[in-house]
Amino acid sequence: MSSFAGFANGIVQTNLTGLVYGNGLTTHATDVDYNSNLFTPTIAGSTLAGVTTYTTQAGQFTKIGNRLFFDIGIVFTLTTGTGDIQVQSLPYTSNDSSNVSIAVAVVDGIDWPNNQGTYLAAQIVPNSTYLVITCYHDTNAPANVQMPTGTGTYSITISGSYQTAT
């Protein structure tokens with residue numbers, strides 16, 4: 001019985017010592033850049049950052065190589081910020097071409113243009129540690145979601161990934 005497990009024909013195989021073999025390359029599995037931890041996301045306005053009162057600020061990430069996967073949950077009751085909502089304090093700076101839409105963005109209690117065919121996405125800003133939430137329509141140009149005004153409870157939930165600068 002072999003101590004190797006993996007794909008056939010030597011494409012990827014691992015042995016019990018943690019070595020990874022494939023196409024003539026060998027590396028220790030511990031050499032892969034891997035980090036998983038919690039972080040504290042914040043929100044701010046693009047025009048005026050403002051001050052925000054939070055009831056929940058939860059962030060979790062896993063970084064494998066230069067790909068960062070994250071989940072964010074924010075609940076807040078008051079903000080003085082104005083302009084586009086920016087979800088800030090992502091744990092790693094994005095690369096210069098990370099302008100990629102995130103698969104899921106849920107915003108509750110915040111007004112956004114409400115047309116048939118409307119959906120939300122979050123977009124990582126290149127070379128930054130923040131994202132913006134964008135509202136897309138079937139027929140209208142996309143628009144960034146604005147900071148809420150007035151009192152209420154507002155929640156933002158986002159899951160996604162992006163390429164990091166390192």
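Note that this is a predicted model, so its numbers are computed, not measured. (Residues numbered from 1 in each chain as written. Predicted model: local features only at pLDDT ≥ 70, side-chain atom pairs only at ≥ 80, totals over all residues. Heavy atoms only, no water.)

When its secondary structure is counted, the protein shows 0 helices and 14 strands. Tracing the protein from N to C terminus, the helices and strands come up as β-β-β-β-β-β-β-β-β-β-β-β-β-β. Counting every position in the protein, which comprises 166 residues, the buried fraction comes to 33%. Here the contacts in the protein between residues at least 6 apart in sequence split such that 62% fall between residues at least 24 apart. Of the roughly 9200 Å² of accessible surface on the protein, a fraction of 53% belongs to carbon and sulfur atoms. (Helix = DSSP H or I, 4+ residues; strand = E, 2+ residues; numbered from the N terminus. Buried < 20%, exposed > 50% of the residue type's maximum accessible area, 1.4 Å probe, protein only. Contact = heavy atoms within 4.5 Å. Areas by Shrake-Rupley, 256 points an atom, 1.4 Å probe, with all protein chains shown as cover.)

Once that is clear, we can look at the packing of aromatic side chains. Summed over the entire model, instances satisfying the criterion amount to 5 aromatic pairs. Look at Phe61 and Tyr92: their rings are 5.8 Å apart centre to centre, the planes differ by 75°, and that puts the pair in the edge-to-face class. Of this pair, Phe61 sits in strand β7 (residues 52-64) while Tyr92 sits in the loop between β9 (85-88) and β10 (104-108), placing them 31 residues apart in sequence. A residue is classified by how much of its surface remains accessible, and Phe61, at 5% relative accessible area, is buried. (Phe/Tyr/Trp six-rings, centres within 6.5 Å; stacked < 30°, edge-to-face > 60°.)

This brings us to the pattern of salt bridges. Inspection of every chain in the model, using the stated rule, returns 1 salt bridge. Put simply, Asp33 and Lys63 hold a salt bridge, and the shortest N to O gap is 2.4 Å. Of this pair, Asp33 sits in the loop between β4 (25-28) and β5 (34-39) while Lys63 sits in strand β7; the two residues are 30 residues apart in sequence, bridging distant segments of the chain. For Asp33, a relative accessible area of 38% gives the class partly exposed. For Lys63, a relative accessible area of 1% gives the class buried. (Salt bridge = Lys/Arg side-chain N within 4 Å of Asp/Glu carboxyl O.)

For the rest of this paragraph, the subject is the nonpolar core. In terms of nonpolar packing, the biggest core is built from 26 residues, with Phe70, Val87, Leu131, Ile133, Ile156 and Ile158 touching the most fellow members. Looking at this core, the elements that each hand over two or more residues are β8 (67-79), β9, β10, β11 (119-124), β12 (131-136) and β14 (154-163). Per-element tally for this core: the top contributor is β8, with 5 residues. (Core = buried A, V, L, I, M, F, W, Y, C linked by side-chain atoms within 4.5 Å.)

Along any regular strand the residues' side chains alternate between the sheet's two faces. Buried residues dominate β11, accounting for 5 of its 6 residues. Relative to β12, β11 is paired through 6 bridges, and the arrangement is antiparallel. Following the sheet pairing, Leu120 is matched in β12 by Cys135. Counting the residues between successive antiparallel strands, the hairpin from β11 to β12 contains 6 residues, one of them, Asn127, with a positive phi of roughly 55°. (Pairing = 2+ DSSP bridges.)

With a phi angle near 70°, Ser89 is a residue other than glycine that sits in the positive phi range. With respect to the element layout, Ser89 can be found in the loop between β9 and β10. Since its relative accessible area comes to 31%, Ser89 is described here as partly exposed. The backbone of Asn127 shows a phi angle near 55°, a positive value even though the residue is not glycine. Mapped onto the elements of the fold, Asn127 is located in the loop between β11 and β12.

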